[in-house]
Amino acid sequence: PERFPQTNIVSLPLDPHGPVRVIFEAVRSSGLRFLPVRFSFSPHATINFYPSLTRDRERDLLSLRVTEPVVIDRLQLSLTDDPLPPRRVMELMLQG
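My aim in this report is to walk through the structure given alongside it, one point at a time. (Residues numbered from 1 in each chain as written. Predicted model: local features only at pLDDT ≥ 70, side-chain atom pairs only at ≥ 80, totals over all residues. Heavy atoms only, no water.)

Let's talk about the overall build of the protein
Here is step 1 of the chain: Helix and strand counts for the protein stand at 2 helices and 5 strands.
Here is step 2 of the chain: Helices and strands appear in the protein in the N-to-C order β-β-α-β-α-β-β.
Here is step 3 of the chain: Taken along the three principal axes of its C-alpha coordinates, the protein extends 45 × 35 × 20 Å.
Here is step 4 of the chain: A buried classification covers 12% of the 96 residues belonging to the protein.
Here is step 5 of the chain: The contacts in the protein between residues at least 6 apart in sequence include a share of 50% that link residues at least 24 apart.
Here is step 6 of the chain: Surface accessibility of the protein: about 8,300 Å² in total, with carbon and sulfur atoms responsible for 58%. (Helix = DSSP H or I, 4+ residues; strand = E, 2+ residues; numbered from the N terminus. Buried < 20%, exposed > 50% of the residue type's maximum accessible area, 1.4 Å probe, protein only. Contact = heavy atoms within 4.5 Å. Areas by Shrake-Rupley, 256 points an atom, 1.4 Å probe, with all protein chains shown as cover.)

So this is what it looks like as structure tokens:
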């Protein structure tokens, strides 16, 4: 796990050239318009998305080691508009 810069978000990095990147590139080239972003996209699975993160909780999360296969069964898209908390705008259940 890694902590996203300047946030309390902790995530597991995913293959930068894997299926999540393919989905990202398809959305990016779809013709939808997006505002500029502060950070470039990096495929990941978020494991902590809370406004506060104690040092003990951060240490516990960053010490996690995933040794078994994981199934990602949904994609969630959130709108971030600092300083407001992130707001979920879409959840897509995956099949197969």
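What follows continues from the structure just given.
With respect to the side chain of Glu 58
Here is step 1 of the chain: One can find Glu 58 in helix H2 (residues 55-62).
Here is step 2 of the chain: Every residue in contact with Glu 58, bar those within four places of it in the chain, is listed here: Arg 3 and Leu 53.

Quick word on the packing of aromatic side chains
Both the distance between ring centres and the angle between the ring planes are used here to describe each pair of aromatic rings.
Here is step 1 of the chain: Tallied over the entire structure, the rule returns 2 aromatic pairs.
Here is step 2 of the chain: Ring geometry for Phe 24 versus Phe 41: centroids 4.0 Å apart, planes at 5 degrees, classification stacked. Of this pair, Phe 24 sits in helix H1 (residues 19-28) while Phe 41 sits in the loop between H1 and strand E3 (44-49), and the two are 17 residues apart along the sequence.
Here is step 3 of the chain: On the basis of relative accessibility, which here comes to 25%, the residue Phe 24 falls in the partly exposed class. (Phe/Tyr/Trp six-rings, centres within 6.5 Å; stacked < 30°, edge-to-face > 60°.)

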